[in-house]
Amino acid sequence: MTITSGNFHLDEAVEYKDAMDGCQRFFKRVFDIIFSFLGMVILSPLFIIIFLCFFLSGGKAIFKQERVGYKGNLFNIYKFRTMVRNAESDGLIPRSLEERNEKLTKIGRVLRAHHLDELPQLWNVFIGDMSFVGPRPERQYFIDQINAVTSNYKYIYLMKPGLTSIATIYNGYTDTLEKMITRLEMDIEYYTTRSLWQDFKIIVITGWKIVSGSRF
């Protein structure tokens, strides 16, 4: 089962339309509520183990950060802490892999390697800040950089941000402006073609990549 992004390129003159109607969006939300709750219950032993690791190491487990979400509203995204505290105390935001790796903790390296740092976002999905599938939420600092190049980021605000996406799977970690624009193109392509079936395929592929140890 594969999903690939074609030769989709943004056109400032085109008005892009959501492929999901209201009924599909309703069932997408129902799916998010049910399976995020089940995920938190089923994975609760893993949550406890991770919390214990942080407790024994004397570190703070949960990290929250302000992101821009649906309709441009701000929300706090939750993750297990992977970098040292005050990682941005010098005023610089570590964006490249090299910069971020330098500030990863030992526990953080393990969590990042297996994508376990994202698990607290099941709560974000449950309360409605996010969905399982959708564009990854960005910080205003980087959105400003994208808006300086294209006005099409406005379409991202029409979708709830997600735990995973086609861009997450195939564009990899986004550490340059070029990759941000590519991710934007892939996210808008998803917006114009999305369906419940497509969401299911994205979730399955993401799960397989995590289980198989793929880096993305």
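Residues numbered from 1 in each chain as written. Predicted model: local features only at pLDDT ≥ 70, side-chain atom pairs only at ≥ 80, totals over all residues. Heavy atoms only, no water.

(A) Representation of the overall build of the protein within the structure. Looking only at helices and strands, the protein features 9 helices and 4 strands. The N-to-C order of helical and strand elements in the protein reads α-α-β-β-α-α-α-β-α-β-α-α-α. For the protein, with 216 residues in total, the buried portion stands at 41%. Residue pairs at least 24 apart in sequence account for 73% of intrachain contacts in the protein once pairs closer than 6 positions are excluded. (Helix = DSSP H or I, 4+ residues; strand = E, 2+ residues; numbered from the N terminus. Buried < 20%, exposed > 50% of the residue type's maximum accessible area, 1.4 Å probe, protein only. Contact = heavy atoms within 4.5 Å.)

(B) Seen up close, the packing of aromatic side chains. One pass over the full model with this rule turns up 13 aromatic pairs. Centre to centre, the rings of F31 and F132 are 5.7 Å apart; their planes meet at 75°, and the pair counts as edge-to-face. A residue pair is termed long-range when its members are at least 10 positions apart, and F31 in helix α1 (residues 22–42) and F132 in strand β3 (residues 131–133) qualify at 101 residues. Among the residues examined, F31 registers a relative accessible area of 31% and is labelled partly exposed. Centroid distance F37 to F126: 6.1 Å. Interplanar angle 35°. Geometry classified as tilted. Residue F37 is found in helix α1, and its partner F126 is found in helix α5 (residues 121–127); the two are separated by 89 residues along the sequence. For F37, a relative accessible area of 44% translates into the label partly exposed. The exposure class assigned to F126 is partly exposed, which follows from its relative accessible area of 27%. (Phe/Tyr/Trp six-rings, centres within 6.5 Å; stacked < 30°, edge-to-face > 60°.)

(C) Structural detail: the side chain of D117. Examined against the element boundaries, D117 turns out to sit in the loop between α4 (106–113) and α5. Among the polar contacts made by the side chain of D117, one reaches the side chain of R112 at a distance of 3.3 Å. Contacts of D117, omitting those with residues within four sequence positions, involve K79, F80, T82, L111 and R112. (Polar contact = N/O pair within 3.5 Å; in protein donor to acceptor, adjacent residues only side chain to side chain.)

(D) Region of the structure containing the pattern of salt bridges. Taken as a whole and judged by the stated rule, the model has 7 salt bridges. Through salt bridges with shared partners, a single network forms among D18, R25 and R194. (Salt bridge = Lys/Arg side-chain N within 4 Å of Asp/Glu carboxyl O.)

(E) Representation of the pairing of strand β1 (residues 62–68) within the structure. Note that β1 and strand β2 (residues 74–80) share 7 bridges and pair antiparallel. Residue pairing across strands places R67 opposite F75, the latter belonging to β2. The antiparallel hairpin formed by β1 and β2 contains 5 residues in its connecting segment, where K71 sits at a positive phi of about 60°. (Pairing = 2+ DSSP bridges.)

(F) Helix α8 (residues 177–193), seen in detail. With 17 residues, α8 should cover 24 Å at 1.5 Å per step; its first-to-last C-alpha distance of 24 Å lies within 8% of that length. Those residues of α8 that fall on the buried side of the exposure criterion are M180, I181, R183, L184, E185, M186, D187, I188, E189, Y190 and Y191. Buried residues along α8 sit in contact with α1, β3, α6 (140–147), α7 (166–170) and α9 (196–211). (Expected span 1.5 Å × (residues − 1).)

(G) Spatial organisation of α6. Where α6 is concerned, the buried positions are F142, I143 and I146. Buried positions in α6, seen along its axis, are confined to an arc of 105° and lie on one side of it. At its buried positions, α6 is contacted by β1 and α8. (Arc of directions from axis to C-beta.)

(H) Expanded view of unusual backbone geometry. Unlike most non-glycine residues, K71 shows phi in positive territory, near 60°. For K71, the position within the fold is in the loop between β1 and β2. Phi at H115 is positive, roughly 60°, even though this residue is not glycine. Looking at the secondary structure, you find H115 in the loop between α4 and α5.

The values are spatial; any link to function lies outside them.
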